[in-house]
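Breakdown of the fold
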Amino acid sequence: GESVGLHLPTLSVQEGDNSIINCAYSNSASDYFIWYKQESGKGPQFIIDIRSNMDKRQGQRVTVLLNKTVKHLSLQIAATQPGDSAVYFCAEGSEGGYNKLIFGAGTRLAVHP
Amino acid sequence: EPEVTQTPSHQVTQMGQEVILRCVPISNHLYFYWYRQILGQKVEFLVSFYNNEISEKSEIFDDQFSVERPDGSNFTLKIRSTKLEDSAMYFCASSVRGSGGEKLFFGSGTQLSVL
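Treat the numbers as computed from the prediction; the structure is a model and nothing was measured.

1. Quick notes on unusual backbone geometry
- Note the cis peptide between Thr7 of chain B and Pro8 of chain B, where omega equals -10 degrees.
- Of note in the backbone geometry, Lys71 of chain A takes a positive phi value of approximately 55 degrees without being a glycine.
- By the secondary structure assignment, Lys71 of chain A is in the loop between strand S7 (62-67) and strand S8 (72-77).
- Here Lys71 of chain A falls in the partly exposed class, since its relative accessible area comes to 26%.

Quick look at the structure:
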């Protein structure tokens with residue numbers, strides 16, 4: 001069936017560097033995309049979302065980019081900090097339906113001092 | 001910030017036993033959800049619930065599963081006869097509205113281990 005997936009299972013970066021986490025989705029009907037952060041022993045924590053009528057959205061130190069042509073989503077974290085170490089999930093949904101999210105497999109971000 | 005709380009944090013049970021996982025959604029939220037995550041796998045949607053009814057469920061949510069809002073604050077997931085493959089982290093979530101594009105708030109999860 002259609003699903004959301006991730007290109008990289010792990011990503012190691014140096015503290016202070018920028019991080020880019022990628023995600024591919026296959027359901028062209030999805031029009032709402034979210035990035036979640038999951039720290040050990042905790043539930044997914046909302047980071048940032050974007051709707052399909054946008055290409056880019058910025059938050060505090062984070063930017064989400066959406067390329068609908070190639071069905072690609074990315075999360076950019078500026079000046080990565082040790083506290084950013086976690087597993088990051090992309091998820092897709094549909095604004096027209098109930099809040100059922102399809103999650104990707106997750107990318108582990110490891111930030112080294 | 002308001003939180004979704006889940007109890008217990010860990011639950012160990014024998015195969016075939018019934019378990020009830022408990023959640024207290026954020027107080028002004030009206031839509032409630034259960035997701036699960038088998039170790040090393042994706043977070044998977046189980047069910048959404050509104051106005052004392054299931055609004056959507058996945059193929060995982062078979063007759064062994066049920067949900068209930070027994071009072072004004074709790075939201076429960078019951079598994080009637082647990083199987084080994086039910087072992088997973090179960091996350092409760094809630095949102096103000098149920099339309100797609102609403103921000104979901106997740107609890108910290110209940111780790112269910114079926115022996």
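Now that the structure has been shown, we can carry on.
2. Here's the deal with the interface of chain B and chain A
- At the interface, 21 residues of chain B touch 22 residues of chain A.
- Across the interface of chain B and chain A, roughly 1,900 Å² is buried in total on both sides, 55% from carbon and sulfur atoms.
- If you look at where chain B meets chain A, you find 1 salt bridge.
- Glu56 of chain B is the salt-bridge partner of Lys100 of chain A, the closest N and O atoms lying 3.9 Å from each other.
- Where chain B meets chain A, there are 2 residue pairs in polar contact (both at pLDDT 80 or more).

3. Remarks on the nonpolar core
- If you look at the biggest cluster of nonpolar residues, it comprises 22 residues, and the most contacted ones within it are Trp34, Leu46, Phe61, Val67, Phe75, Leu77 and Tyr90 of chain B.
- Ignoring anything within four residues of it in the chain, the contact list for Phe75 of chain B reads Leu21, Arg22, Cys23, Pro25, Phe32, Tyr33, Trp34, Phe49, Val67, Glu68, Arg69 and Cys92 of chain B.
- Formed by 20 residues, the second largest nonpolar core is a distinct cluster that contains Val13, Cys23, Leu66 and Ile77 of chain A.

Conventions used here
Residues numbered from 1 in each chain as written. Chains lettered and ligands numbered in written order. Predicted model: local features only at pLDDT ≥ 70, side-chain atom pairs only at ≥ 80, totals over all residues. Heavy atoms only, no water. Helix = DSSP H or I, 4+ residues; strand = E, 2+ residues; numbered from the N terminus. Buried < 20%, exposed > 50% of the residue type's maximum accessible area, 1.4 Å probe, protein only. Contact = heavy atoms within 4.5 Å. Buried area = accessible area lost by both parts, 1.4 Å probe. Salt bridge = Lys/Arg side-chain N within 4 Å of Asp/Glu carboxyl O. Polar contact = N/O pair within 3.5 Å; in protein donor to acceptor, adjacent residues only side chain to side chain. Core = buried A, V, L, I, M, F, W, Y, C linked by side-chain atoms within 4.5 Å.

These results come straight from atomic positions and should not be treated as a statement about function.
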